[in-house]
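One-letter residues, chain by chain:
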Amino acid sequence: MATTRLICLTLGVLLCVCKPLSFLTTSESSEITTATTTIAGSSTTCSSLEECEADLNVTTTVHTEIQNNTELQKKNKNSEIKKRVKPSMSHAHCTCNFHLHFCDINCCCDPDCSANDKKVFKYCEKDSNRHVDDRYCSYMEHIYINNTSTEWQVNRDGLFCIVNSNLPQSHLVQNERVLSFAEAFKSKAVFWPSNYLNNLSRNFTKSYVYGDPVVIIKNDSSLDFLRLPKNVLTSPCLTEKEIQFLKTSSSKCGQINIYSSNPALQFSSYFRNLKVVVNPPLVNQTNIKGSLYLNCPKNACIEIEPHLCDPCFNNCTKLDNTTNIKFHCSFDVKKNLNYCYNAPKKIFYRMYHNATRGLQKIEILGVLTNFSYNFGNFVKRFEFFQEFSVEFLWLNQTQNYSEIFSGNPGYIIGKPILVGTKLNLRTNNTNFDRILRSSDKFIDNFLVFHSHDREGKCVRNSSLYLPLEFGINLKSKCRFNSILSFNKSSTATHICTRIQQAIFSSWGISPKFNQILVFGLFGNALSSSLEDWGEVLYKIDPRRYLSNYTRGNFSSNTLLCHNISTLLNVEIFYSRIALKNLLNQNKILGLTYTFLDTRDHIFLVNTSSKMTKISLTLQSQVTFNDVTRKGERKFVNPPNWDIRLPYDFFYPFIKIGNGVQKMESATSFWVTVNFLMLKFFV
């Protein structure tokens, strides 16, 4: 029920108007909380507060009646400063908080961020989807960001903030009740400021903040920024970009100068003969004599730790900083081929920091490879493509994909879709479900399809995959090649079933009975909460598809497989809903898999070796369907007019006392009143 405020005006006639203060409703229970913020003694009616500074100590209470000016004057005091006390979250959701248990950079409402952590923030993330009722005072909406160790409380006088309109205009309210899934299914370049470390002076006074370039000291004691190759408009690596503090980035480009003198092709050039400055003020505070590179203390300058890894960045081996693995090439005149060895294919910087203390540890993970290419004037120019990435982690933090969100709460366009596996377990004669998500593999936590290598072959592993990004339709195609062996007892249907099952695996589909693929309804779904997840629906269950649809026959040296599906069609139905004062929060209502392009395929069989070679073209496509219902326009009821006359309004025409006696002039008075009323309304 809407809260009302009674305002009475006495103008000859006592006029009372009941003014509605809350009128926004939805068909479900969507409501917008209206609060009165108490700021050191003054009362200000405001909508839900949008402070970015999480440590701001603001007390909120709900008032349903007007306080006396005398009461406010008693509480009114002078401006005062008090130590900040970290309050509880002022919002139901912190929309920029994407990591559990760790502070998100530039997310001022993240409860994991301390006041010291926020000193490295460049700005505070804003949420444009948070609703603010413009009928009320918005003093706290424009408050400055307080990065000091104390909190200011501003005192006001006894004035009130009231609704600015007796009869507010109609408002478009987002409907929290969305279509059911059944209904839905039916129907940049960076420019650096010149004032930062101008001329790279040795007198460092400014600490690292978000976006600042990372400073290094070369072996000749000269200062520079840590850089990585990048491309500009075209694919070749034509320039370099600085690594920015706390800013994760990645890039790809091709090397066209295939010479050992090219430092980008020498793995050691990315970590040797340089030291990284932990934090500029630490270098300024040390009294370094002689060579800055040799005599810089370890608490101010650190070396990069090199590691060699496999293509998936697994099974890494730590190297000594003096290890020399050189890139070199040799030319074969007869074959007209140039063979090159130990070329850095992937370079991955993993930097550990501790906010204002700067960088604490830096690792470089390298993947080396060998390649060859043809020489000649008529041969197309060869490019060796490299991948570079930089990731910043908190000290002692390990990458845990199961604790990374794709929105808080609603999905964000371009973020991956959360998935997991629901297992049906049995313990002590009791069945229960559990959501299983791996912590160290991306493909076990987010919806991904097979990608393809440079030759167009289908690949889906922990390092090469195609993630599905929310809100972005997708089509992909690759070549599925495999060799299956079988024994004498294997039937044609059994072999064809294995082929279809291998295709399902490349799509991330498991035919096991006790494993169900589930997706996160919101971008902040937790594996500990079953109600945060929905099951993927299949038009034809993959287990039933393998047992009822896939068939095979042998014919001389060929294998004929019936109903092999090579196209996966994924449809994702989502809606934008309102959660308290958050609007346009993307929620996935349903996710369906449909197996299409079912055909008969013929494969050659080697009867002597009992092997068959498989070569198929696989396709996958994803379509997002927005099934949000149109917002309903709600109108507030008009104010209630309660018109009453004072008890002595007819005095002296009517005697008021123990008895009521009409005066002789009462008749003439009523005639006069009726005449005036007619003149007033006509």
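1. Side note on the overall build of the protein chain
- The secondary structure content of the protein chain amounts to seven helices and 39 strands.
- Carbon and sulfur atoms provide 52% of the accessible area of the protein chain, an area that totals close to 37,900 Å².

2. What about unusual backbone geometry?
- The omega angle of the peptide bond from Asn408 to Pro409 is 5°, so this bond is cis rather than trans.
- You can see Pro409 is positioned in the loop between strand S21 (384–394) and strand S22 (419–427).
- Backbone geometry places Asn563, a non-glycine residue, at a positive phi of 60°.
- If you check the backbone angles, Asp597 has positive phi at about 55° while not being a glycine.
- Structurally, Asp597 is set in strand S34 (residues 582–606).
- Given the relative accessible area of 23%, Asp597 is considered partly exposed.

3. Some words on the nonpolar core
- In this structure, Ile499, Leu559 and Tyr593 are the most contacted members of the largest nonpolar core, which totals 58 residues.
- Residue assignment for this core shows that the elements contributing at least two residues are strand S24 (448–449), strand S28 (474–485), helix H5 (492–506), strand S29 (515–520), helix H6 (542–548), strand S33 (558–579), S34 and strand S35 (611–626).
- Here this core gets nine residues from one element, more than from any other, and that element is S33.
- One finds Val215, Leu274, Leu292 and Ala300 within the second-largest nonpolar core, a separate group that totals 50 residues.

4. Notes on the state of the cysteines
- For the coordinates displayed, the defined rule picks out 10 disulfides.
- Between the sulfur atoms of Cys103 and its disulfide partner Cys113 the distance amounts to 1.9 Å. Torsion about the S-S bond of the Cys103 and Cys113 cystine: about 95°, corresponding to right-handed handedness. Residue Cys103 is located in the loop between strand S6 (80–83) and strand S7 (150–153), and its partner Cys113 is located in the loop between S6 and S7; the two are separated by 10 residues in the primary sequence.
- Accessibility expressed as a relative area gives 0% for Cys113, which makes it buried.
- One disulfide bridge connects Cys329 with Cys340, the sulfur atoms lying 2.1 Å from each other. Classification of the bridge connecting Cys329 and Cys340 rests on its S-S torsion, roughly 105°, and on that basis the disulfide is right-handed. Residue Cys329 is found in strand S18 (residues 328–332), and its partner Cys340 is found in strand S19 (residues 337–353); the two are separated by 11 residues along the sequence.

5. Focus: the side chain of Arg437
- Structurally, the position occupied by Arg437 is in the loop between strand S23 (430–436) and S24.
- Glu403 provides the closest opposite charge to the buried, salt-bridge-free Arg437, at an N-O distance of 9.3 Å.
- There is a polar contact of 3.4 Å between the side chain of Arg437 and the backbone oxygen of Ser402.
- Within polar-contact distance, the side chain of Arg437 engages the backbone oxygen of Val419 at 3.0 Å.

6. Structural notes on the environment of Asn257
- Looking at where Asn257 falls in the secondary structure, it is placed in the loop between strand S13 (249–255) and strand S14 (274–277).
- A C-alpha to C-alpha distance of 8.9 Å links Asn257 and Phe384, two positions 127 residues apart in sequence.
- Dropping the residues within four chain positions of it, Asn257 is found in contact with Asn262 and Leu265.

7. Examining the environment of Val278
- By secondary structure assignment, the location of Val278 is in the loop between S14 and helix H3 (280–285).
- Spatially, the C-alpha atoms of Val278 and Gln360 are 6.6 Å apart, while their sequence positions differ by 82 residues.
- Leave out the neighbours within four places in its chain, and Val278 touches Tyr208, Lys298, Asn299, Ala300, Cys301, Ile302, Arg357, Gly358, Leu359 and Gln360.

8. Things to note about H5
- Helix length check: H5 (15 residues) gives 22 Å between terminal C-alpha atoms against 21 Å at 1.5 Å per residue, within 8%.
- Within H5, burial applies to Ala492, Ile495, Cys496, Thr497, Ile499, Gln500, Ile503, Phe504 and Ser506.
- Phi turns positive, to about 80°, at Gly508, one or two residues after H5.

9. Structural notes on the sheet that holds strand S10 (residues 223–225)
- Here we have four strands laid out as an open sheet, ordered S10-S9-S14-S15, and antiparallel in their pairing. Edge positions in the open sheet fall to S10 and strand S15 (301–302), since each of these has one partner strand only.
- Examined bridge by bridge, strand S9 (residues 215–218) and S10 share three bridges and lie antiparallel to one another. In the strand pairing of S10, Ile216 is matched with Asp224.

10. A look at the sheet that holds S22
- The strand order across the open sheet built from four strands is S23-S22-S29-S30, with neighbouring strands paired in antiparallel fashion. Two strands in the sheet have a free side with no partner beyond their single neighbour: S23 and strand S30 (533–535). Neighbouring strand axes in the sheet, compared pairwise and without regard to direction, differ in orientation by 40° on average.
- Strand direction decides the pairing type here: S22 and S23, joined by seven bridges, are antiparallel. The residue of S23 that forms the bridge with Leu425 is Phe432.

11. Re the packing of aromatic side chains
- Applying the stated criterion to the full structure yields 27 aromatic pairs.
- A centroid spacing of 6.3 Å and a plane angle of 20° characterise the contact between Phe327 and Phe371, whose relative ring orientation is stacked. Residue Phe327 is found in the loop between strand S17 (317–318) and S18, and its partner Phe371 is found in strand S20 (residues 359–374); the two are separated by 44 residues along the sequence.
- Take Phe371: its relative accessible area is 12%, and that puts it in the buried class.
- Looking at Arg437, its charged tip hangs above the ring of Phe446, at a distance of 5.9 Å from the centre.

12. Description of the confidence of the model for the protein chain
- In the predicted model, the protein chain carries a mean pLDDT of 75, and 68% of its residues have values of at least 70.
- For the protein chain, per-element mean pLDDT is lowest for strand S5 (residues 59–61), which scores 32, and highest for strand S16 (residues 305–308), which scores 95.
- Contacts of residues 139–144 to residues separated by more than four positions or lying in other chains number 18 contacts, the stretch itself having pLDDT below 50.
- Residue range residues 185–199 is modelled with pLDDT below 50. Its contacts to residues more than four positions away, or to other chains, number 16 contacts.

13. Topic: the pattern of salt bridges
- With the rule as written, the count across this model stands at 12 salt bridges.
- We note a salt bridge from Asp224 to Arg227, for which the minimum N-O separation is 2.5 Å.
- On the basis of relative accessible area, Arg227 is assigned to the partly exposed category, the value being 26%.
- Across the pair Arg599 and Asp597 runs a salt bridge, and its minimum N-O distance is 2.7 Å.
- Taken together, the shared-partner salt bridges connect Lys218, Asp224, Arg227 and Glu242 into one network.

14. Overview of the pairing of S29
- As judged from the five bridges shared by S22 and S29, these two strands associate in the antiparallel manner. Residue Leu423 lies in a different strand from S29, and its bridge partner there is Gln515.
- Two strands pair when backbone bridges link them, and S29 and S30 are joined in this way by three bridges, in the antiparallel orientation. In the strand pairing of S30, Phe519 is matched with Gly534.

15. Digging into the environment of Phe271
- Mapped onto the elements, Phe271 comes out in the loop between S13 and S14.
- Judged by its relative accessible area of 2%, Phe271 falls in the buried class.
- The sequence separation of Phe271 and Glu363 amounts to 92 residues, and the corresponding C-alpha distance is 9.2 Å.
- The residues contacting Phe271, other than those within four sequence positions of it, are Ile304, Pro306, Asn321 and Ile364.

Basis of the calculations
Residues numbered from 1 in each chain as written. Predicted model: local features only at pLDDT ≥ 70, side-chain atom pairs only at ≥ 80, totals over all residues. Heavy atoms only, no water. Helix = DSSP H or I, 4+ residues; strand = E, 2+ residues; numbered from the N terminus. Areas by Shrake-Rupley, 256 points an atom, 1.4 Å probe, with all protein chains shown as cover. Buried < 20%, exposed > 50% of the residue type's maximum accessible area, 1.4 Å probe, protein only. Core = buried A, V, L, I, M, F, W, Y, C linked by side-chain atoms within 4.5 Å. Disulfide = S-S within 2.5 Å. Lys, Arg positive; Asp, Glu negative; His and termini not counted. Salt bridge = Lys/Arg side-chain N within 4 Å of Asp/Glu carboxyl O. Polar contact = N/O pair within 3.5 Å; in protein donor to acceptor, adjacent residues only side chain to side chain. Contact = heavy atoms within 4.5 Å. Expected span 1.5 Å × (residues − 1). Pairing = 2+ DSSP bridges. Axes fitted to C-alpha atoms, helices over the stretch in contact; angles between N-to-C directions. Phe/Tyr/Trp six-rings, centres within 6.5 Å; stacked < 30°, edge-to-face > 60°. Lys NZ or Arg CZ within 6 Å of the ring centre and 35° of its normal. pLDDT = per-residue confidence, 0-100.

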